[in-house]
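The chain contents come next:
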Amino acid sequence: MKFFRIIRSVEWWEYKLPPLLAIGYATALKTDGVFMLAIPQLIILLLALVIGAVYVSIINDMTDIEADLASGKANRMVGIRPEIRWIFPTLCFILGLGFCAFLYPDQLSIFLYLIPWISFSLYSFRPIRLKNRGIWGVLADASGSHIFTSLLMISSISHVTGQTIDWIWFGSTGVWALCYGARGILWHQFHDRENDLQADLNTYAVKIDPAHFRKQELSLFCIELMAMTTMLYSLHLILPFLFLLLYLILALIRSNHLSYKPVLIICPENHPFHILMADFYQVFFPLSLLITAAFLQPYAWIILVVHLALFPQKTITALKDFKSIFSR
């Protein structure tokens, strides 16, 4: 449908939302017997994040029209009349304020929900337009996509389930989200580097020679792994570790059997690749938590089925890749 193309849902639905839901699932599991009590709040948070993602997709295209035309890149907003374009982000903003009412009186969660809206607005709109200001654009995107949204899941689920915030879980999740979010936007910037050079943009990737970025991407990845290790240990659950092992087997199959190049940030041209740990965060981590919940509370199987129905493609791809080792 044209609407889904406009909001670019294919670029964030299965990539950004499952890791955030996983943080919510994990936070709910930190206190015995409250997992199902957290589900209504998780549904509200999912809807709130979707509205935010739609807002970001639309304003990003709106503010990139000139640059995209200069580089010959397609832009979904070009065919929409200027006076109509502003209806979409305005409606999203109003709905976003409505979700703040649902979060009230949880002031920390309201703050964490609003910060991504501010970050992405500063990232896109002139005269500030952090997207065109080097490292500040990377930090703004990572903050909006991962850091504050991940922390929102912890604060809000902790609030509705009556938990005190586990600050080790909170802090390690923030560090992980910073690194993973930075990897995500840097992947995108390096992937678009030639277009951005042609459009005379000043993204961080434009100013960096990809060949000289290997140490930085490795350092970022190592910090991310240390933060994720801390997160997993703070959960005191066995299944996420077992699913991490399962993911590592999948990564080996992709690298050795399917000839995919393992990538941290910078991807090869004209060669299949897989971004290390992305499938763990997007598929294996949330599923391990939902299966754990299902063994503790029978009705959680329903949530597992719904999750798979909402986010099927990455799981199907993983299963096909596992199957490939038996088909040759």
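Residues numbered from 1 in each chain as written. Predicted model: local features only at pLDDT ≥ 70, side-chain atom pairs only at ≥ 80, totals over all residues. Heavy atoms only, no water.

- By the naming in an unreviewed UniProt entry, the chain is Prenyltransferase, taken from Pedobacter gandavensis.
- One UniProt comment on the chain, placed under Subcellular location (unreviewed entry), says "Membrane". (UniProt positions renumbered as here; feature names shortened; annotations may be inferred.)

**Regarding the overall build of the chain**
- When its secondary structure is counted, the chain shows 15 helices and 2 strands.
- The C-alpha atoms of the chain give a radius of gyration of 20 Å, which matches the 20 Å a tight globule of 328 residues would have.
- In terms of overall dimensions, the chain has C-alpha extents of about 55 × 55 × 35 Å along its principal axes.
- Relative to its full complement of 328 residues, the chain shows a buried share of 55%.
- Taking the contacts inside the chain whose residues are at least 6 apart along the sequence as the reference set, 74% of them involve residues at least 24 apart.
- Summed over its atoms, the accessible surface of the chain is roughly 15900 Å², and 68% of this surface lies on carbon and sulfur atoms.
- Positive and negative side-chain charges in the chain, numbering 24 and 21 respectively, have mean positions lying 3 Å apart. (Helix = DSSP H or I, 4+ residues; strand = E, 2+ residues; numbered from the N terminus. Rg over C-alpha atoms; globule rule 2.2 N^0.38 Å. Buried < 20%, exposed > 50% of the residue type's maximum accessible area, 1.4 Å probe, protein only. Contact = heavy atoms within 4.5 Å. Areas by Shrake-Rupley, 256 points an atom, 1.4 Å probe, with all protein chains shown as cover. Lys, Arg positive; Asp, Glu negative; His and termini not counted. Charge placed at Lys NZ, Arg CZ, Asp CG, Glu CD.)

**Section: the UniProt feature "transmembrane region" (unreviewed entry) in the chain**
- When the UniProt feature table is mapped onto this chain, "transmembrane region" (unreviewed entry) is found at residues 34-56, 86-104, 110-128, 135-155, 167-186, 233-253 and 283-310.
- The straight-line gap between the two end C-alpha atoms of residues 283-310 is 12 Å; of that span, 89% is helix and 0% is strand.

**Quick word on the nonpolar core**
- Counting residues in hydrophobic clusters, the biggest one holds 102 residues, and the most contacted among them are F35, W176, F280, F284 and L289.
- Ranked by residue count, the leading element in this core is helix α3 (residues 39-63), at 15 residues.
- Look past the residues within four positions of L289 in its chain and what remains in contact with it is A22, Y25, A26, L29, L235, L237 and P240. (Core = buried A, V, L, I, M, F, W, Y, C linked by side-chain atoms within 4.5 Å.)

**Some remarks on helix α14 (residues 300-310)**
- Looking only at α14, the buried set comprises A300, I303, L304 and H307. Down the axis of α14, the buried side of the element spans an arc of 105°, and every buried residue falls inside it. Summarising the geometry of α14, the exposed residues directed more than 90 degrees from the buried face are V305 and A309. (Arc of directions from axis to C-beta.)

**As for unusual backbone geometry**
- For the bond from Y104 to P105, the omega torsion is 10°, close enough to zero to count as cis.
- Considering the arrangement of structural elements, one finds P105 in the loop between α6 (87-103) and α7 (107-124).
- The backbone of S259 sits at a positive phi, close to 60°, despite the residue not being glycine.
- You will see that N270, though not glycine, has its phi angle at about 55°, which is positive.
- Examined against the element boundaries, N270 turns out to sit in the loop between β1 (261-263) and β2 (273-275).

**A word on the side chain of H274**
- Assignment of secondary structure puts H274 in strand β2.
- A polar contact is formed between the side chain of H274 and the side chain of S255, at a distance of 2.8 Å.
- If sequence neighbours within four positions are ignored, H274 has contacts with A251, R254, S255, Y260, K261, P262 and V263. (Polar contact = N/O pair within 3.5 Å; in protein donor to acceptor, adjacent residues only side chain to side chain.)

**Quick look at the pattern of salt bridges**
- Scanning the model with the defined rule gives 7 salt bridges in all.
- Here D166 ties to K30 by a salt bridge, and the two come within 3.1 Å at their closest N and O atoms. With D166 in the loop between α8 (135-160) and α9 (167-191) and K30 in the loop between α2 (13-29) and α3, this pair connects stretches of sequence that are 136 residues apart.
- As a salt-bridge pair, E217 and R214 come within 3.1 Å of each other at their nearest N and O atoms. Note that E217 and R214 are positioned in helix α11 (residues 214-235) at a spacing of 3 residues, about one turn of the helix. (Salt bridge = Lys/Arg side-chain N within 4 Å of Asp/Glu carboxyl O.)

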